[in-house]
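Per-entry structural report
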Amino acid sequence: MKKLYNCSGYQGGAIGLSGATPLGPAMTGTTTFNMTGGTIDNCNDLWIGGGAICAYTVNPVSFTMNGGTIQNCIASS
């Protein structure tokens, strides 16, 4: 990932970790996101929070950030 900027969404301004396939049923197991560089900048969540990243699943979530920057992100609600 190089740069995500000026993003907006309803379940994570830039990235939403839902534990579901985009067009199908819920998955089981751990949802994983690994960030190893790049920038998430000036992103806004318009609904349930997570200006940059929002995890909304009953399953375990693994978030690893080894480098990169998250800055200037807000959650409107």
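Residues numbered from 1 in each chain as written. Predicted model: local features only at pLDDT ≥ 70, side-chain atom pairs only at ≥ 80, totals over all residues. Heavy atoms only, no water.

Another point: the nonpolar core. In a soluble, globular protein the nonpolar side chains are often hidden away together inside. Membership of the largest hydrophobic core is limited to eight residues, which are C7, I15, L17, F33, M35, I40, C43 and A52. If you list the elements that add at least two residues to this core, you get β3 (15–17) and β4 (31–35). Setting aside its immediate chain neighbours within four residues, C7 contacts G13, A14, N42, C43 and N44. (Core = buried A, V, L, I, M, F, W, Y, C linked by side-chain atoms within 4.5 Å. Buried < 20%, exposed > 50% of the residue type's maximum accessible area, 1.4 Å probe, protein only. Helix = DSSP H or I, 4+ residues; strand = E, 2+ residues; numbered from the N terminus. Contact = heavy atoms within 4.5 Å.)

Using the criterion set out here, one finds one aromatic pair in the structure. Summarising the aromatic geometry, the rings of F33 and F63 are spaced 5.6 Å apart at their centres and angled 15 degrees between planes, so their arrangement reads as stacked. Here F33 is found in strand β4, whereas its partner F63 is found in strand β8 (residues 61–65), with 30 residues between them in sequence. For F63, a relative accessible area of 38% translates into the label partly exposed. (Phe/Tyr/Trp six-rings, centres within 6.5 Å; stacked < 30°, edge-to-face > 60°.)

A word on the side chain of T39. Examined against the element boundaries, T39 turns out to sit in strand β5 (residues 39–41). A residue is classified by how much of its surface remains accessible, and T39, at 17% relative accessible area, is buried. What T39 contacts, discounting residues up to four positions off in sequence, is K2, K3, L4, T69 and Q71.

Interpretation in functional terms is not warranted from these geometric data alone.
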